[in-house]
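One-letter residues, chain by chain:
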2 protein chains.
Amino acid sequence: MSNYEILSTINSPADVKKLNAATRSKLAAEMRAAILNRVSKIGGHVGPNLGTVELAIALHTVFDSPKDKIVLDVSHQSYPHKLLTGRHQGFTDDAHFGDISGYTNPDESEHDLFVVGHTSTSVSLASGLVKARDMQGQKFNVIAVIGDGSLSGGEAFEGLDNAGDFKSNFIVIVNDNEMSIAENYGGLYGNLAELRASNGQSENNYFKSLGFDYHYVADGNDTEALIAVLEEVKDITRPVVIHVHTLKGKGYALAEQNKERFHWSLPFNIQTGELTVSGAKGYGAYVAEYLDVQAAHNDKLAVINAGTPGALALQGFRAKYPEKYFDVGIAEEHAVAFSSAMAKGGMKPVALFFGGFIQRAYDQLSQDLCLNKSPAVLVIEGCGITGMDMTHLSVFDIPLLSSIPNLVYLAPSCVDELKRMLDWAMAQTDFPVAIRTPASAPQNLTYAPKTDIALNKFEVVKQGSKVALIGLGSMLSLAEKTAEKLAEKGVDATIVNPRFANGLDEELLTALLSCHDVVVTLEDGVLAGGFGEKVAGFYGDKAVKVYNFGAAREFTDRVPVEELYHRYGLTPEQIVQKILG
Amino acid sequence: MSNYEILSTINSPADVKKLNAATRSKLAAEMRAAILNRVSKIGGHVGPNLGTVELAIALHTVFDSPKDKIVLDVSHQSYPHKLLTGRHQGFTDDAHFGDISGYTNPDESEHDLFVVGHTSTSVSLASGLVKARDMQGQKFNVIAVIGDGSLSGGEAFEGLDNAGDFKSNFIVIVNDNEMSIAENYGGLYGNLAELRASNGQSENNYFKSLGFDYHYVADGNDTEALIAVLEEVKDITRPVVIHVHTLKGKGYALAEQNKERFHWSLPFNIQTGELTVSGAKGYGAYVAEYLDVQAAHNDKLAVINAGTPGALALQGFRAKYPEKYFDVGIAEEHAVAFSSAMAKGGMKPVALFFGGFIQRAYDQLSQDLCLNKSPAVLVIEGCGITGMDMTHLSVFDIPLLSSIPNLVYLAPSCVDELKRMLDWAMAQTDFPVAIRTPASAPQNLTYAPKTDIALNKFEVVKQGSKVALIGLGSMLSLAEKTAEKLAEKGVDATIVNPRFANGLDEELLTALLSCHDVVVTLEDGVLAGGFGEKVAGFYGDKAVKVYNFGAAREFTDRVPVEELYHRYGLTPEQIVQKILG
């Protein structure tokens, strides 16, 4: 459909309020077409947005945004909201795709209250707005929208528990599409099923147990039914949950049929659903292959993840070894503690996380895992400088993990080394070991690992003099390229593969002093608190110049990787310029 | 009581199993006397331990530890368990107090399965043991004990949710003493009250909603009743919650009457309850005084904490300004998100955390707060090198907070500067600001702050030459003392107060180069990823020697502060020795 008859007239929520049931229905169809137009061409969240078209129409029909405050959890379902708040061009006009992000952002619209991208935060955030409103004697509705999958995160519970004894207006809409990113896991989902089966009448009710009033909407894709219940609770003076049963992927048959595949997608053909782009085989696939091989002969293996099997390439493993596979829900804290205890209980757990999400479990890494020296293995995937949304960066993991005692943090430079590191981590029983895999695809290296992994031992890739280039993990490739540039300048640089992101090979670093004036560190992450600063600290009182290259401490939003590399001086030319002057 | 007739015969749980109801009753009284003997003399958790004496007896009567696995949440209620597992000398014999810690620790006993000190972890940890058991075809009971207060933490929910659909043995004992560390807040506590009022019969039941079977024990201090229900659920093949209603502080009238005061105590007189030691006025008290003054004239002020008003000296504020005071439960994640949203909603929230607990909210600091640039104020209290248990260290905050973009992290050197920083933080609206207050009492400084706080501007305390000493926060005192020692050696050292833990005053640092050969950084926290390494990184390519002094990346357990200072070279003599050689 290229004719957006109704949608093109919607420039703000005021325009939505003018519609009648018939035009709302037409609008819903046009919105779905607009969403598909965008996501099929540039990728994005498919199912969550298609499933909440009617909810967005109902919300903007009944409530008065931005006076009334709507907070969307994760905000991966924000497209319908964006379509109704003056941003439809970002969907209908390919030239304007770049105008909007995939998440809410106050810089984009006054109807977006927070930058949101991580899960389970909406109730907490909205409840702060409730109390700020009440303390200032203001009057408006505060609405949090949260998906059933997001309910498994601890922050969502903390927010619901706190808000459950509020004495004023707070409306929580639970968008239950019977799916997390993948399938749901956890006892709570039995309760949601019970509530659906009983048309909301079951006495056993998680939300009531936390103090909320409760309404159920059996068909959450029925705009008129939604409007009716929202009208009923509007201006309520108590906290209330509206449990809305929706169909993830609604209106796009392929997404309705394969909800996990179409939770998020790279660009695809709308007719066939097939991807129209293909990426190189990433590190995640190699990790999954490794686990598959392990599972065949290692009866102690358990593979744990927190609700993201797709992003971690674990779907094959899940199908083949269901008894060794544990998706604990979107519950990274629990995932870390659970893994630690499995190791203490005699198993060899491997827990996988997306780089930007491991930060959701810092306390558990410190207390439940490292204080207990549990020899669990963590794989932190997709790390390094990317062009992602600012909510999904994964450049903060090295500072985060490197100050925790007892943890060993490894950064492979290539697939061969990844396997060596996994072997080493699986075999040892002294420490928790985390392995950092790059977001970037494996690169061609001149280098091939020669020595076995040994605690805090770096490997000299090429012995030279004057300048030593220490390239951590994926940055070894940049070290090699920089060495080539230096060779053109007559400098025969040494190249070092440090392997360990949080431990220094003091012997090797000391040895470098004998014939090097300059040591360069390269890391695929934020400099503040990272690897390079540790090297600089070590050399503080030595007669050698140290240059640290890495990312700045900033949130970057969909900035192309090449641009970031250039901004951070991470090109061979810039590095040579800086160190040779 | 100095006669431990029964207790002295209990050298392992096997001895507990030999007792009858009469001797169990006598044992309980002796255990209380032993607990009071210890805590009155050296301090410790009072109420949580007194309240669970009968529960510990019942657990070790019915179950067979260490074959059956008992995991205690926080483990501040582990004294009764320790008394029954071969460690009664640590309570009855003053010479042996040092043999045991205040928490569980596998190095102490095979009956302690994890080092635990933070809240809300037991269900997660125990559920890992459940799955490790099942995968290995083993047979034993797994029991998690968790207090009602701990249920407010997200990790506890994540664990309960995951475990709620387990299909095998898992026993969760909810020790409901109607108290958190302070009073409970949250909708869940209404449900617990409903369950108590209905003798467990209410259909509205949080635990059932998560998939658990459920039993209620109205008198959780009745050993025989507890034994009966534990016998009933022993070897159960489903997850079950035993909701046990106990009296916090049971058997010690003063603790029964004032549960919050006797949650944890410094040494006290058993007869009067009065403390027998007194500490210097700490930074927490000055922060509380500041908030009190603010509250009188700033109608935007809201004060938030996560269940620890006592440790944060907020009890006075709570009583005086209840409408400006928000205890959100032991829910640090929610506390941070809630504060961020209150700031967005037009208030000026000040959220206070104990230094070791802020790490429970890293993701919320990053996403909910800093990504949104909410101008909330955080006060991180009790930071720096202490002689605390290894579960309660607070030396990791600088690396933790310093890599997060948009956050300003301040470290006052004295009370006057603390107030200036609070004023600056309250007045500005550009950034989230965190202020780090030291665990150590305010020290006498020669220095008094001269200049106003300005973003990333350091202050020169004393201009000298050759050696510059940069003493962050409480370490400014050490910088002054070191300068005195250097003066004895004929070196007129410069002293710098950096004020900012995570931002460098590049202009000042560059200016130092003109007349200094050595720059020394001193910080009251772990070096890895901290402040000093940033200075070393900045000076990497400059002709100046940089020495970083601070704590090692290690978990230290009840090591006296003086010993740690010496271990880390943090004495004037050691510093002078190192930098002058």
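Student: Give a detailed account of the overall build of chain A, specifying residues and quantitative values.
Tutor: Helix and strand content of chain A: 23 helices and 18 strands. On C-alpha atoms alone, chain A measures out to a radius of gyration of 26 Å, which is about the 25 Å that the 2.2 N^0.38 rule sets for 581 residues. With respect to the three principal axes, the spread of C-alpha positions in chain A is 80 × 55 × 50 Å. Within the span of chain A, comprising 581 residues, buried residues form 68% of the whole. Residue pairs at least 24 apart in sequence account for 75% of intrachain contacts in chain A once pairs closer than 6 positions are excluded. In chain A, 50 positive and 70 negative side-chain charges are present, and the distance between their average locations comes to 2 Å.

Student: Tell me about the pattern of salt bridges, residues and numbers included.
Tutor: Oppositely charged side chains can form a pair if their charged atoms are brought close together. Following the criterion strictly, the structure yields 70 salt bridges over all chains and no others. One continuous salt-bridge network, built from bridges that share partners, spans A:Lys82, A:Arg87, A:Glu108 and A:Asp112.

Student: Describe the pairing of strand E10 (residues 348-354) of chain B, naming the residues involved and giving the relevant values.
Tutor: Residue and element names in this part refer to chain B. For E10, the buried fraction is high: 7 of the 7 residues fall into the buried class. Side chains Lys 348, Val 350, Leu 352 and Phe 354 of E10 all project onto a buried face; the interleaved residues Pro 349, Ala 351 and Phe 353 project onto the opposite face, where all are buried too. With 5 bridges connecting them, E10 and strand E11 (residues 377-383) associate as parallel partners. Bridge pairing links Leu 352 to Val 379 in E11.

Student: Run through the sheet that holds strand E15 (residues 466-471) of chain A, naming residues and quoting values.
Tutor: Residue and element names in this part refer to chain A. Across the sheet, which stays open at both edges, the 5 strands sit in the order E14-E16-E15-E17-E18 with mixed pairing between neighbours. Of all the strands in the sheet, just strand E14 (459-462) and strand E18 (545-551) have a single pairing partner and so form its edges. Neighbour to neighbour, the strand axes of the sheet diverge by 25° on average, direction disregarded. Where helix H21 (residues 531-538) meets the sheet, it contacts E15, strand E17 (516-526) and E18, and its direction lies at approximately 155° from that of E17.

Student: Report on the relation of the copies chain B and chain A, specifying residues and quantitative values.
Tutor: Once chain B has been moved 0.0 Å along the axis and rotated by 180°, it coincides with chain A to within an RMSD of 0.0 Å. The superposition operator between the copies reduces to a two-fold rotation axis. With an isologous cut-off of 70% or more, the 100% of interface residues of chain B that recur at the interface of chain A puts this contact in the isologous class.

Student: Go over the interface of chain B and chain A, please, and point to the residues and values.
Tutor: It is common to report an interface's size as the accessible area lost on association of the parts. Counting from both sides, the interface comprises 101 residues of chain B and, opposite them, 103 residues of chain A. Our count for the contact surface shared by chain B and chain A stands at 4 salt bridges. Taken together, chain B and chain A are joined by 50 residue pairs in polar contact (both at pLDDT 80 or more). In terms of residue class, the side of chain B that touches chain A is made up of 42 nonpolar, 37 polar and 22 charged.

Student: With reference to specific residues and values, describe unusual backbone geometry.
Tutor: The omega torsion of the bond from A:Ser65 to A:Pro66 falls at 5°, within 30 degrees of zero and hence cis. One non-glycine residue with positive phi stands out, namely A:Asn199, at about 55°. The backbone of B:Val74 shows a phi angle near 60°, a positive value even though the residue is not glycine. The residue B:Val74 is located in the loop between strand E2 (69-72) and helix H5 (79-83) in this model. Exposure remark for B:Val74: the relative accessible area of 7% places this residue in the buried category.

Student: For the packing of helix H13 (residues 283-297) of chain A against helix H18 (residues 415-427) of chain A, give the residues involved together with the corresponding values.
Tutor: Residues and elements named next belong to chain A. The N-to-C vectors of H13 and H18 enclose an angle of 40°; their axes lie 11 Å apart at closest approach. One element, H13, and the other, H18, form an angle in the oblique class. Of the two possible hands of crossing, H13 and H18 adopt the one that is right-handed. Facing Tyr 283, Tyr 286, Val 287, Tyr 290 and Gln 294 of H13, the residues of H18 in contact are Val 415, Leu 418, Lys 419, Leu 422, Asp 423 and Met 426. Considering only residue class, the contact of H13 with H18 consists of 8 nonpolar, 1 polar and 2 charged.

Student: An account of the packing of aromatic side chains is requested, with residue identities and associated values reported.
Tutor: Counting across every chain of the model gives 32 aromatic pairs over all chains. On the numbers, 5.1 Å between centres and 40° between planes, the contact of A:Phe317 with A:Tyr321 is tilted. Comparing A:Phe317 with A:Tyr321, the two get one shared label, buried. Here B:Tyr252 and B:Phe262 contribute two aromatic rings whose centre-to-centre distance is 5.5 Å and whose plane-to-plane angle is 85°, an arrangement assigned as edge-to-face. Of the two residues, B:Tyr252 sits in the loop between strand E6 (239-245) and helix H12 (253-257) while B:Phe262 sits in the loop between H12 and strand E7 (264-265), which places them 10 residues apart along the sequence. Here B:Tyr252 and B:Phe262 have matching classes, each one buried. Ring pairing ties together the aromatic residues A:Phe157, A:Tyr206, A:Phe207, A:Tyr214, B:Phe157, B:Tyr206, B:Phe207 and B:Tyr214, which thus form one cluster. In this arrangement the basic side chain of B:Lys131 is found over the ring face of B:Phe166, its NZ or CZ atom lying 4.5 Å from the centre. Residue placement shows B:Arg261 over the ring face of B:Phe262; its charged tip is 4.1 Å from the ring centre.

Student: Give me the lowdown on the side chain of B:His81, citing residues and values where you can.
Tutor: All names here are of chain B. On the secondary structure map, His 81 appears in helix H5. For His 81, the side chain forms a polar contact with the side chain of His 60, separated by 2.9 Å. With sequence-adjacent residues up to four places away left out, His 81 is seen in contact with Ala 56, His 60, Leu 72, Arg 87, His 111 and Asp 112.

Student: Kindly report on helix H11 (residues 223-233) of chain A, identifying the contributing residues and their values.
Tutor: Residue and element names in this part refer to chain A. For H11, the set of buried residues is Thr 223, Leu 226, Ile 227, Val 229, Leu 230 and Val 233. On its buried face, H11 sits against helix H2 (21-42), helix H4 (53-62), strand E4 (170-176), strand E5 (213-217) and strand E6 (239-245). Among the residues of H11, the N-terminal cap falls to Asp 222, whose side-chain oxygen and the backbone nitrogen of Glu 224 are separated by 3.0 Å.

Student: So, the state of the cysteines: which residues are in play, and what are the values?
Tutor: Residue and element names in this part refer to chain B. This model, assessed by the stated rule, comprises 0 disulfides over all chains. Between Cys 383, a cysteine without a disulfide, and Cys 370, which holds the nearest cysteine sulfur, the sulfur-to-sulfur distance is 16 Å. The buried category is assigned to Cys 383, whose relative accessible area is 0%.

Student: Please set out the sheet that holds E2(B) residue by residue, giving values where relevant.
Tutor: All names here are of chain B. If you walk across this open sheet you meet the 5 strands as E2-E3-E4-E6-E5, and the pairing is parallel. Each of the sheet's edge strands pairs with one partner strand only, and the pair in question is E2 and strand E5 (213-217). For this sheet, the mean angle separating the axes of adjacent strands, direction not counted, is 20°. Relative to E6, strand E4 (residues 170-176) runs parallel, the two sharing 7 bridges. Note that in E6 the partner of Ile 171 across the bridge is Val 240. Relative to E5, helix H11 (residues 223-233) is tilted by about 165°, and along the sheet it contacts E4, E5 and E6.

How each quantity is defined
Residues numbered from 1 in each chain as written. Chains lettered and ligands numbered in written order. Predicted model: local features only at pLDDT ≥ 70, side-chain atom pairs only at ≥ 80, totals over all residues. Heavy atoms only, no water. Helix = DSSP H or I, 4+ residues; strand = E, 2+ residues; numbered from the N terminus. Rg over C-alpha atoms; globule rule 2.2 N^0.38 Å. Buried < 20%, exposed > 50% of the residue type's maximum accessible area, 1.4 Å probe, protein only. Contact = heavy atoms within 4.5 Å. Lys, Arg positive; Asp, Glu negative; His and termini not counted. Charge placed at Lys NZ, Arg CZ, Asp CG, Glu CD. Salt bridge = Lys/Arg side-chain N within 4 Å of Asp/Glu carboxyl O. Pairing = 2+ DSSP bridges. Axes fitted to C-alpha atoms, helices over the stretch in contact; angles between N-to-C directions. Least-squares fit on C-alpha atoms with pLDDT ≥ 70 in both. Polar contact = N/O pair within 3.5 Å; in protein donor to acceptor, adjacent residues only side chain to side chain. Nonpolar A, V, L, I, M, F, W, Y, C, P; charged D, E, K, R; others polar. Parallel < 35°, antiparallel > 145°, perpendicular 65-115°, else oblique. Left-handed = near helix turned anticlockwise from the far one by under 90°. Phe/Tyr/Trp six-rings, centres within 6.5 Å; stacked < 30°, edge-to-face > 60°. Lys NZ or Arg CZ within 6 Å of the ring centre and 35° of its normal. Disulfide = S-S within 2.5 Å.

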